[in-house]
Amino acid sequence: MKNELLCPKCNIKMDFIAEAENSSDGNKIVRYFYRCPACGTRLNDEIINIKKENDSIIIKISQQLF
């Protein structure tokens, strides 16, 4: 579980959210981010790209940490 994070705009505890997306070419993207329930401010945390190439699976993890 991620640590609590306070919104830099309104100082309210932000929600930690994950969303997944399937692209038309078969790739998958999973995004982790914090969002303020009051003002909607969003801070990206991590993006995971999953791609199939030939008979392999390639996983790329990008940490954005605000």
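Described in the following lines is the structure provided in the data block. Nothing here was measured: the structure is a model prediction, and the numbers come from that model.

A contiguous nonpolar patch, built from I57, I59 and I61 and spanning about 320 Å² of accessible area, is present on the exposed surface. Looking at the secondary structure, you find I57 in strand β4 (residues 56-63).

Turning to its location among the elements, C10 is positioned in the segment before β1 (15-22). With a relative accessible area of 30%, C10 lands in the partly exposed category. The spatial distance from the C-alpha of C10 to the C-alpha of I48 is 29 Å, given a sequence separation of 38 residues. C10 has contacts with C36, A38 and C39, leaving out every residue within four places of it along the chain.

Quick notes on the rules
- Residues numbered from 1 in each chain as written.
- Predicted model: local features only at pLDDT ≥ 70, side-chain atom pairs only at ≥ 80, totals over all residues.
- Heavy atoms only, no water.
- Patch = residues over 30% accessible without salt bridge, like charges linked within 9 Å, V, L, I, M, F, W, Y side chains within 5 Å.
- Areas by Shrake-Rupley, 256 points an atom, 1.4 Å probe, with all protein chains shown as cover.
- Salt bridge = Lys/Arg side-chain N within 4 Å of Asp/Glu carboxyl O.
- Helix = DSSP H or I, 4+ residues; strand = E, 2+ residues; numbered from the N terminus.
- Buried < 20%, exposed > 50% of the residue type's maximum accessible area, 1.4 Å probe, protein only.
- Contact = heavy atoms within 4.5 Å.

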